[in-house]
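Listed here are the chains, written in short residue letters.
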Amino acid sequence: MNAQTLRRYLTPPLIALLLAIALFFAGGFINPDFINVTQAINIVRLAAFLGIIAAGQTLVIVSGGEGIDLSVGAVVTLAAILTFRITGGDNNLVGVGLLASLSAGFIVGLLNGIGIALLRIPPLVMTLGMTGVVSGTILVVTQGEMLGATPALMSTYIARPLIFGIPGVIIIWVALGVVMWLLMERTTYGKHLFAIGVNRTAARLSGVRVERVVIITYTLAGLLAALGGFMLLGFAQTVLLNLGDPYRFPSIAAVVVGGTMLTGGKGSYWGTMSGALVLTLIDSLLRAMGLAEAYQLIVFGGLLVLLIAVYGRELNLRQ
Amino acid sequence: MKSLNLQRVFARNTYLISFILLVIVLGINYIVQNNVFELRVLNNNLRTLVPLMLLAVGQSIVVIGGGLDLSVGTLVSMLSALLITWVTPDSTPDQILLAVVLVCAAGMLAGLVNGLVVAYLRLQPMITTYATSFIFSGIALLLLPRPGGSIPRDLSTFYRSPLLDIPLAFYAIALLLLFWSVLRTTRYAQYLYATGSSGAAAYATGVPVRVVRVTTYVWSGLFAALASLTLMLSTGGASQANIGDDMTLDSIVAVVLGGTRLSGGQGGIAGAIIGVMILRVIRNVIFFAAVPTWSQTLVNALIIIAALAGPGLIRLIRRSIGR
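Residues numbered from 1 in each chain as written. Chains lettered and ligands numbered in written order. Predicted model: local features only at pLDDT ≥ 70, side-chain atom pairs only at ≥ 80, totals over all residues. Heavy atoms only, no water.

## Considering the packing of aromatic side chains
Turning to step 1, where the next piece is worked out: Within this structure, the stated rule accounts for eight aromatic pairs over all chains.
Turning to step 2, where the next piece is worked out: Ring-pair connections join several aromatic residues into one group, and the members of that group are A:Phe249, A:Phe300, B:Tyr130 and B:Phe134. (Phe/Tyr/Trp six-rings, centres within 6.5 Å; stacked < 30°, edge-to-face > 60°.)

Listed below in structure tokens is the structure:
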């Protein structure tokens, strides 16, 4: 195999996936207990939550125009708290909880889209502002009291082993991967999404209704983040005011590690899936090594720089 | 014809909309808190916003140059921890001076690392500075595992009291504006704006784009150091490992509220200073208007979104009338 064919097949998502596998076996060197099926499933399960939450982020970043969604963390928290409250632990109300979560995510995403596409507010600050609105609404409604419970049904179907020892969330994640591939590669929306990501003016001139595509993209991002929050509740079992915060920036990091450029127009969801796996693996490895928290932070930051240095580079000015 | 003139005025003075916004929120503040312009109150309000102001100034230089710095907040945490491990209540002036110089140097060094990675390794600014922010918070946690620290009492007293009946913060603002107006006359400033508006075009016309990019992060590191120094002066040296972390996103919001576009090549530091004041006055209004505690976050966020949406709304309305 010569260098050219190698380069063609060795796309960033594949590098990330190979890296994830290498990291898993590297974990075995450090701690032999690290390599076993239970541990592998556990890591994929953790990655699935990040992966589902980062699905919308992938669409937003591909849409370009400095596209970014900082409100995903708040939406995750909102969806989990809504489901927790509405169901109150009642298995019969899980459907209502899911519907309420998705509606809330839909509204937040729609407002983000309107602010960005029609009012021309930069995505970074618009979604940051919405984070405040969502967290603020949560505070007003709950007054800091977390009433409710998690239905037993949710942990059975999401977090616990379902078929062949594989938890439901992993199966849902893989299914979402297929849906995302179809959405991005096989629909008109997908074509328009990449078109506006590459060049908005060119897309507009070729008949793409740019504003509409942007609004749909942020709305989908809200929906997917809400789905992630709903799923996360099945795993976490309990809610906190900052349940989703740890997903805000890692969702962006997962997209970038998966080879999607922050400038937009290029990327894939399967890259994000690999990215989520790599980030979760690094995190689990650092924990398994028993490093002090300070060193964990430093090593994680350094590794992240190295990771994106492999392929997340911008074009040379000379070209 | 008249509307065309107005448009031109707004286009030439990017600060104007922000300044009008500041006057409006200050007016509302005066209604709910009558003594807001008294020296003592003014001094207290301004003093607490100096650190964020400095940070936002550094952030706007990076943004003008076409980048973004998500590490500034954790950098403040790290540099505050560094300062507090060197300075004790018994430190001599010489020791304090040395510590200040070292903290500034450390800030610039951290900025240099960010800049080199962004400009020479060509990694995307947002994700690079996000990654280095982990390194900075790790170091902050190493230096200061438990909250603590204090500085000589005379220093915090000096920082608290107005000088010649004028709050110290005014001197800080005057110095910053002076610094900026001098910098604007240099060729460096032209390079900075050229780099920010189009890196490739600037490179083609002979601007040392990579060097300029690196310097923007060095400025940002230096201003983060100054921010941590003033932060420690206002807390009397009490610090914790995450003391500055929340300031990152505020600094970006302030830059945008000040009329600087995140796409780069435009704006200035006066906008950032106005932006920080707007953020602070909004918080003041919410406090003095007796908004219930649980609603404060929501009201604050709604006002900020309304402020950001203002120009866009005006544009939409004018376009629909024009049709």
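## A look at the environment of B:Ser228
Residues and elements named next belong to chain B.
Turning to step 1, where the next piece is worked out: Relative to the helices and strands, Ser228 resides in helix α11 (residues 209-235).
Turning to step 2, where the next piece is worked out: C-alpha separation for the pair Ser228 and Arg213, spaced 15 residues apart in sequence, amounts to 23 Å.
Turning to step 3, where the next piece is worked out: If near-sequence neighbours (up to four positions away) are discounted, Ser228 is found in contact with Val76, Leu79, Ser80 and Val103.
Turning to step 4, where the next piece is worked out: A polar contact is formed between the side chain of Ser228 and the backbone oxygen of Ala225, at a distance of 2.9 Å. (Helix = DSSP H or I, 4+ residues; strand = E, 2+ residues; numbered from the N terminus. Contact = heavy atoms within 4.5 Å. Polar contact = N/O pair within 3.5 Å; in protein donor to acceptor, adjacent residues only side chain to side chain.)

## Comments concerning a nonpolar patch on the surface
All names here are of chain A.
Turning to step 1, where the next piece is worked out: Together, Leu153, Tyr157, Leu162, Ile163, Phe164, Ile166 and Ile171 make up a nonpolar patch on the protein surface, roughly 670 Å² of accessible area in all.
Turning to step 2, where the next piece is worked out: At the level of secondary structure, the elements contributing two or more residues to the nonpolar patch comprise α7 (152-159) and β1 (161-163).
Turning to step 3, where the next piece is worked out: Positionally, Ile163 belongs in strand β1.
Turning to step 4, where the next piece is worked out: Residue Ile163 is classed as partly exposed on the basis of its relative accessible area of 42%. (Patch = residues over 30% accessible without salt bridge, like charges linked within 9 Å, V, L, I, M, F, W, Y side chains within 5 Å. Areas by Shrake-Rupley, 256 points an atom, 1.4 Å probe, with all protein chains shown as cover. Salt bridge = Lys/Arg side-chain N within 4 Å of Asp/Glu carboxyl O. Buried < 20%, exposed > 50% of the residue type's maximum accessible area, 1.4 Å probe, protein only.)

## Focus: the nonpolar core
Here is a general trend for soluble globular proteins: nonpolar side chains tend to be buried in one another's company.
Turning to step 1, where the next piece is worked out: The biggest cluster of nonpolar side chains holds 192 residues, and the ones touching the most others in it are A:Trp173 and B:Leu79.
Turning to step 2, where the next piece is worked out: Residue contributions to this core peak at 14 residues, all from helix α11 (residues 210-236) of chain A.
Turning to step 3, where the next piece is worked out: Not counting chain neighbours up to four residues away, the residues in contact with A:Trp173 comprise A:Val44, A:Ala47, A:Ala48, A:Gly51, A:Ile52, A:Tyr269, A:Met273, A:Ala276 and A:Leu277. (Core = buried A, V, L, I, M, F, W, Y, C linked by side-chain atoms within 4.5 Å.)

## A short note on the packing of helix α8 (residues 168-184) of chain B against helix α9 (residues 187-197) of chain B
Residue and element names in this part refer to chain B.
Turning to step 1, where the next piece is worked out: The interhelical angle for the contact between α8 and α9, taken along N-to-C directions, is 85°, at an axis separation of 6 Å. Between α8 and α9, the angle falls in the class roughly perpendicular. Residues Trp180, Leu183 and Arg184 of α8 lie in contact with α9, whose contacting residues are Tyr188, Ala189, Leu192 and Tyr193.
Turning to step 2, where the next piece is worked out: Among the residues forming the contact of α8 with α9, the class breakdown is six nonpolar, no polar and one charged. (Axes fitted to C-alpha atoms, helices over the stretch in contact; angles between N-to-C directions. Parallel < 35°, antiparallel > 145°, perpendicular 65-115°, else oblique. Nonpolar A, V, L, I, M, F, W, Y, C, P; charged D, E, K, R; others polar.)

## What to know about helix α6 (residues 123-142) of chain A
Residues and elements named next belong to chain A.
Turning to step 1, where the next piece is worked out: Between its first and last C-alpha atoms α6 spans 28 Å; for 20 residues at 1.5 Å apiece the expected length is 28 Å, and the two agree.
Turning to step 2, where the next piece is worked out: Within α6, 16 of the 20 residues are buried, which leaves the element mostly enclosed by the surrounding structure.
Turning to step 3, where the next piece is worked out: Looking one or two places after α6, you find Gln143, whose phi comes out positive at around 50°. (Expected span 1.5 Å × (residues − 1).)

## Topic: the interface of chain B and chain A
Turning to step 1, where the next piece is worked out: Listed by partner, the interface residues are 47 residues for chain B and 49 residues for chain A.
Turning to step 2, where the next piece is worked out: Both faces considered, chain B and chain A share a buried interface measuring about 4300 Å² in area, 76% of it formed by carbon and sulfur atoms.
Turning to step 3, where the next piece is worked out: The three residues of chain B that bury the most area against chain A are B:Arg122, B:Gln124 and B:Trp294, which together make up 18% of that side's buried surface.
Turning to step 4, where the next piece is worked out: Here chain B is connected to chain A by zero salt bridges.
Turning to step 5, where the next piece is worked out: Here chain B is connected to chain A by two residue pairs in polar contact (both at pLDDT 80 or more).
Turning to step 6, where the next piece is worked out: When residues of the side of chain B that touches chain A are traced back to their parent elements, those giving at least two are α6 (125-143), α10 (199-204), α11, α12 (247-257) and α14 (296-322) of chain B.
Turning to step 7, where the next piece is worked out: Top contributing element to the side of chain B that touches chain A by residue count: α6(B), with 14 residues.
Turning to step 8, where the next piece is worked out: The class makeup of the residues in the side of chain B that touches chain A is 33 nonpolar, 10 polar and four charged. (Buried area = accessible area lost by both parts, 1.4 Å probe.)

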